[in-house]
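# Inside the fold
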Amino acid sequence: MSDSPSDRPARPVVLDVWCELQCPDCRTALDDVRALRARYGDRVELRLRHFPLEKHKHSFAAAQAAEEAFEQGKGWPYVEAVLAGVEDLDREGERHLVDTARELGLDAEEFDTALIDGRHILIVDADQAEGKAIGVTGTPTYVIDGERLDGGQSQEGLRGRIEEIADRLLAADAG
């Protein structure tokens, strides 16, 4: 049995997307996230990483709700729906998070319970601590192949830079 690179399945390139679900810049970044998902499919694993900002009072609850959505199998659709309604989240808070779950056919009562019992707090806390440790200061921020790309200042050219790195990593993995 050979263990040459061609015998092993290529592992996907990992792109961590440090995001905050009450952040208008993260909503803008969704176009890039969609484009990257369309271009690479399962060759690039997009991982939502939470970095709730204190200036947004519902961002910590939104991060927990996103974790519940991933647990129920509709994480990215939920993230996109919440970001599309940033203004509603500002106004309605946790009610908006539960209503969005219901609209997507998720178990809204389970969302409500998850927000009350805090079952996803440790994941959110761990993401936030890791983000701080690697120098994340705002959202969106991307990390690919150890390189941190800050989209909180400007999104200009970020998708191109991510594609450049992903293409290089995928080519190296294929070769």
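Higher on the page you've got the structure.
The text that follows walks through the structure, step by step, so that each part is easy to find. (Residues numbered from 1 in each chain as written. Predicted model: local features only at pLDDT ≥ 70, side-chain atom pairs only at ≥ 80, totals over all residues. Heavy atoms only, no water.)

### Comments concerning the overall build of the protein
A count of helices and strands for the protein gives eight helices and four strands. Beginning at the N terminus, the succession of helices and strands in the protein can be written as β-α-β-α-α-α-α-α-α-β-β-α. Its C-alpha radius of gyration of 17 Å places the protein within 12% of the 16 Å reference for a compact globule of 175 residues. With respect to the three principal axes, the spread of C-alpha positions in the protein is 55 × 40 × 30 Å. When the 175 residues of the protein are sorted by exposure, 46% land in the buried category. Across the protein, every contact between residues at least 6 apart in sequence was considered, and the portion connecting residues at least 24 apart equals 69%. About 9100 Å² of surface is accessible on the protein, with carbon and sulfur atoms providing 49% of the total. Here the protein carries 21 positive and 37 negative side-chain charges, and the mean point of each set is 3 Å from the other. (Helix = DSSP H or I, 4+ residues; strand = E, 2+ residues; numbered from the N terminus. Rg over C-alpha atoms; globule rule 2.2 N^0.38 Å. Buried < 20%, exposed > 50% of the residue type's maximum accessible area, 1.4 Å probe, protein only. Contact = heavy atoms within 4.5 Å. Areas by Shrake-Rupley, 256 points an atom, 1.4 Å probe, with all protein chains shown as cover. Lys, Arg positive; Asp, Glu negative; His and termini not counted. Charge placed at Lys NZ, Arg CZ, Asp CG, Glu CD.)

### So, unusual backbone geometry
A cis geometry characterises the amide bond from Thr139 onward to Pro140, with omega recorded as -5°. In this structure, Pro140 sits in the loop between α7 (121-133) and β3 (141-144). The phi dihedral of Asp145 is positive, around 55°, even though this residue is not glycine. Looking at the secondary structure, you find Asp145 in the loop between β3 and β4 (147-150). By relative accessible area, Asp145 is classed as partly exposed at 47%.

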